[in-house]
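Survey of secondary and tertiary structure
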Amino acid sequence: QVQLVESGGGLVQAGGSLRLSCTVSGRTVSRCGWGWFRQAPGKEREFVAAINWTGGSTLYADSVKGRFTISRDNAKNTVYLQMNSLKPEDTAVYYCAGSYYSGIYDNPESYNYWGQGTQVTVSS
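Notes on the structure in this doc start here. (Residues numbered from 1 in each chain as written. Predicted model: local features only at pLDDT ≥ 70, side-chain atom pairs only at ≥ 80, totals over all residues. Heavy atoms only, no water.)

Quick word on the sheet that holds strand β8 (residues 78–83)
What holds strands together in a sheet is hydrogen bonding between their backbones, with the strands either parallel or antiparallel. On the basis of which strands lie adjacent, the open sheet formed by four strands has the order β1-β3-β8-β7 and antiparallel pairing. Two strands bound the open sheet, and with one partner strand each, they are β1 (3–7) and β7 (68–73). Within this sheet the neighbouring strands show an average axis-to-axis angle of 15 degrees, counted without direction. Note that β7 and β8 share six bridges and pair antiparallel. By the bridge assignment for β8, serine 71 is matched with tyrosine 80. (Pairing = 2+ DSSP bridges. Helix = DSSP H or I, 4+ residues; strand = E, 2+ residues; numbered from the N terminus. Axes fitted to C-alpha atoms, helices over the stretch in contact; angles between N-to-C directions.)

Have a look at this one:
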């Protein structure tokens, strides 16, 4: 059984930084594509960032490009989302997602595994 557990969320002031972690069990991170999505109250879930199975390709939503970085640590079987220069509009529940396949995807339908989410709140 594949399990994804997010951590690292919290309350931060605008301009601050957070690093989200997604610890994976039941599947090797180096064999799958991984992504981060977020959902703000009253809004649909939206794509944030993705990384392919080699780690050599990444993809970002325009709203976070240049501020967020997705990465992974194969030894720890963990996927990360480093978030810098945070803005109030980044406030949302952030979800880690894993695909059965090895590519890079920006749509939630391409992901088979999901974490429970971690709250990120950015105050102005």
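Some points on the pairing of strand β9 (residues 92–98)
Most of β9 is tucked away, with six of its seven residues classed as buried. Sheet topology places strand β4 (residues 34–39) next to β9; six bridges connect them, and they run antiparallel. Following the sheet pairing, phenylalanine 37 is matched in β9 by tyrosine 95. Sheet topology places β9 next to strand β11 (residues 118–123); three bridges connect them, and they run antiparallel. Pairing of alanine 92 across the sheet is with valine 120, part of β11. (Buried < 20%, exposed > 50% of the residue type's maximum accessible area, 1.4 Å probe, protein only.)

A word on the pattern of salt bridges
The full count for this structure, using the stated rule, is four salt bridges. In this structure, aspartate 90 and arginine 38 form a salt bridge, with 2.9 Å as the shortest nitrogen-oxygen distance. Highlighted residues: aspartate 90 in the loop between β8 and β9 and arginine 38 in strand β4, separated in sequence by 52 residues. The same class applies to aspartate 90 as to arginine 38, namely buried. Residue arginine 67 is joined to aspartate 90 by a salt bridge in which the shortest nitrogen-to-oxygen separation is 2.8 Å. Here aspartate 90 lies in the loop between β8 and β9 and arginine 67 lies in the loop between β6 (58–60) and β7, a separation of 23 residues in the sequence. When salt bridges with common partners are traced through the structure, they connect Arg38, Glu46, Arg67 and Asp90 into a single cluster. (Salt bridge = Lys/Arg side-chain N within 4 Å of Asp/Glu carboxyl O.)

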